Amino acid sequence: WIISDFSWPGAVRSGPYYQCIAVSKTADPVSGGWWMYGMLLSSTELNDYPKMGVWHDGIYLTANMFRKASTFSGSKVWALNRDDLISGAPLRSVAFSLGSSYASLLPAHVRASLPPTTAPEYLLARGGTTSTLRIWRMKVNWTTPTASTLTGPANINVAAFTVPSAKVPQLGSTTTLDTLSDRLMSNVAYSNIGGNEALWVNHTVSSGGTMGVRWYEIRNLNGTASVFQQGTFQPDSTYRWMGSLAIDKQGNMAVGYSASSSTLNPQIRYAGRLVGDAAGTLGQG
């Protein structure tokens, strides 16, 4: 089990800035004990919006960096050595900084099926247009860390979408709800079914006068990555946003999301698809 959060010892604008990581010593998170890490990420830049992904060669961490918790300086990605984390050893890491043109990268996360041992870690973000996503590939070398590489971004063409506003209405209140609609939603799920490697991810789009969950299955990861199937789930006038999806080892997918409207209290809902459902649809309601 891994639990993580960002932290700073005093005033948020003063730093330094840490990622605190707790790793269970056994499969029992209650009484098995924990290894604790206070990982100093920067003395001057806040590591906002941190996200983690499990990969075959390490645990990957991404964050948006803000100088003195105020001025955006770009995204950063770290590979953390898994053997260190699960043994309590001093933590080795490899990091790359990206320019301020890129933000909110999400690392691919393995759940049900392992990638090939030669596969790089994949990272996704919204593209520079409303018809693209971006993909990076990070290959870490734990023997010679300076030989590690981060390549990209490359564009992935997707169906055009409209970015919605950040505001969602709710019943009985003039206070609106935030959507985080400027970024992809956690997490990027990796699948490897019958040798077909894929990344699954979602974000919020404007649809039918409200907003819905746009989701993708991306294949050809070792070449020019491309969309295998995609869809927007918006069956009625309810606002749907902030999705989180997962894939099982058969290729069935489920997505949870927030729902609300001016006639509906905020709530959590879900939808899904079986592997044999028509492409681009969430047939399981």
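Below: a short report on this structure.

What counts as what
Residues numbered from 1 in each chain as written. Predicted model: local features only at pLDDT ≥ 70, side-chain atom pairs only at ≥ 80, totals over all residues. Heavy atoms only, no water. Helix = DSSP H or I, 4+ residues; strand = E, 2+ residues; numbered from the N terminus. Pairing = 2+ DSSP bridges. Axes fitted to C-alpha atoms, helices over the stretch in contact; angles between N-to-C directions.

A word on unusual backbone geometry. The amide bond that connects Gly15 to the next residue, Pro16, takes the cis arrangement and shows omega of -5°. Examined against the element boundaries, Pro16 turns out to sit in the loop between β1 (2-7) and β2 (17-24). A cis amide bond, omega -10°, links Ser186 with the succeeding residue Asn187. Position of Asn187 relative to the elements: it lies in strand β14 (residues 185-193). The phi angle at Leu180 is positive, at roughly 55°, despite the residue not being glycine. Mapped onto the secondary structure, Leu180 falls in the loop between β13 (173-177) and β14. The phi angle at Asn220 is positive, at roughly 55°, despite the residue not being glycine. Here Asn220 is to be found in the loop between β16 (210-219) and β17 (226-233).

Read from one edge of the open sheet, 8 strands run β11-β10-β9-β8-β14-β15-β16-β17, paired in mixed fashion. Because the sheet does not close on itself, it has two edges, and the strands there are β11 (149-157) and β17. Direction aside, neighbouring strands of the sheet carry axes that sit 30° apart on average. As paired strands, β16 and β17 are joined by 7 bridges and run antiparallel to one another. Looking across to β17, one finds that Trp215 is bridged to Gly231.

Glancing now at the pairing of strand β4 (residues 45-55). Pairing of β4 with strand β5 (residues 58-67), which is carried by 9 bridges, proceeds in the antiparallel orientation. Within β5, the position partnered with Asn47 by the bridge is Met65. Hairpin remark: β4 followed by β5, antiparallel, with 2 residues in the connecting loop.

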